[in-house]
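Tertiary structure, described
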Amino acid sequence: MKIAIIGSGNAASFHANAFNSLGVKIEGVLSSPNSSSVLPFSKENKVNNIYKELKDLQDSLTALDGLIIASDTISVPNYIYSLAPSGIPILCEKPVSYDLIILKELCKFKNVK
């Protein structure tokens, strides 16, 4: 099984450790361009791809079995809107949003947990 993670901070590391212990390969990571944690995260988790932009990750979805979104809360809805229509299973770190209207709308994506 291969997954990608959006985020490279503490929450992403927590999820990466859990999935690594299950034998899941962290194939790629998308993090903010000025992230100081993405290189150490990639090295520690033997990540093959550091995606520079969301489009790069979107182009790689067919090679992945799932995604983890563990980024800052303000960015999560945009990632869901952009990636969920592909149908790929997505696990989101909480909170997904602080906006009730957005949360209700995101519930339409059955592949997002």
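See the structure above.
Within each chain, residue numbers correspond to sequence positions counted from 1 in written order. Two thresholds apply to this predicted model, a pLDDT of at least 70 for residue-level local features and 80 or more for giving and counting side-chain atom pairs, whereas whole-chain, interface and lining totals are computed over all residues. Each side-chain value is derived from all of the structure's non-hydrogen atoms; neither hydrogens nor water enter the calculation.

Moving on, we come to the packing of aromatic side chains. Between 30 and 60 degrees the pair is tilted, below 30 it is stacked and above 60 it is edge-to-face, where a pair is any two Phe, Tyr or Trp rings, Trp via its six-membered ring, whose centres lie within 6.5 Å. Using the criterion set out here, one finds one aromatic pair in the structure. Measuring from ring centre to ring centre gives 6.4 Å for Tyr81 and Phe109, while their planes differ by 70°; the resulting arrangement is edge-to-face. Residue Tyr81 is located in helix α4 (residues 76–83), and its partner Phe109 is located in the segment after α5 (100–106); the two are separated by 28 residues in the primary sequence. A relative accessible area of 30% means that Tyr81 is categorised as partly exposed. Strands here are runs of E lasting at least two residues and helices are runs of H or I lasting at least four, both read from the DSSP assignment and numbered beginning at the N terminus. Classification of residues uses two cut-offs on accessible area relative to the type maximum, computed with a 1.4 Å probe and protein chains only: under 20% is buried, over 50% is exposed, and between them is partly exposed.

Attention shifts here to the sheet that holds strand β5 (residues 90–92). The pairing criterion is simple: DSSP has to find at least two bridges between the two strands. One open sheet accounts for five strands, arranged β3-β2-β1-β4-β5; its pairing is parallel. Only two strands of the sheet have a single partner each, and these edge strands are β3 (49–51) and β5. Within this sheet the neighbouring strands show an average axis-to-axis angle of 25°, counted without direction. Where strand β4 (residues 66–69) and β5 come together, three bridges link them in parallel fashion. In the sheet register, Ile68 faces β5, and the bridge partner there is Leu91. A contact between two residues is defined here by any heavy atoms of the two lying within 4.5 Å. Note on definitions: angles span 0 to 180 degrees between N-to-C directions of axes, and those axes are lines fitted to C-alpha atoms, for helices only across the stretch in contact. Contacts from α4 reach β1 (2–6), β2 (25–30), β4 and β5, with the element oriented near 165° to β4.

Within the sequence span of α4, burial applies to Val76, Pro77, Tyr79, Ile80 and Leu83. One side of α4 holds all its buried residues, which, seen down the axis, span an arc of 160°. Summarising the contacts, the buried residues of α4 are in contact with β1, β2, α3 (54–60), β4, β5 and α5. The reported arc concerns the directions from the helix axis to the C-beta atoms and nothing else.

The nonpolar core is taken to be a set of buried Ala, Val, Leu, Ile, Met, Phe, Trp, Tyr and Cys residues, with the residues joined through side-chain atoms within 4.5 Å. Core analysis: the biggest nonpolar cluster contains 21 residues, and Leu57, Leu64, Leu67, Ile69, Ile80, Leu83 and Ile90 have the highest contact counts within it. Where this core is concerned, the elements lending two or more residues are β1, α3, β4, α4 and β5. Of the residues forming this core, the biggest block, four residues, is contributed by α4. With near-sequence residues (within four places) excluded, Ile90 lies in contact with Leu67, Ile69, Leu83, Ala84, Asn111, Val112 and Lys113.

This paragraph deals with the pattern of salt bridges. Salt-bridge detection follows one rule: a side-chain nitrogen of Lys or Arg within 4 Å of a carboxyl oxygen of Asp or Glu. As enumerated under the stated definition, the model contains one salt bridge in all. Note that Lys55 and Asp59 form a salt bridge whose closest N and O atoms lie 2.8 Å from each other. Note that Lys55 and Asp59 are positioned in helix α3 at a spacing of four residues, about one turn of the helix. When its relative accessible area of 48% is taken as the criterion, Lys55 is described as partly exposed.

Turning next to the pairing of β2. Taken across its six residues, β2 has five buried, putting it largely inside the fold. Place the viewer so that the strands point away; then a crossover is right-handed whenever the path from the first strand over the helix to the second strand goes clockwise. Handedness of the crossover joining β1 and β2 through helix α1 (residues 10–21): right-handed. With three bridges connecting them, β2 and β3 associate as parallel partners. Residue Val29 lies in a different strand from β3, and its bridge partner there is Ile50. Each parallel crossover has a hand, and the one from β2 via helix α2 (residues 38–44) to β3 is right-handed.

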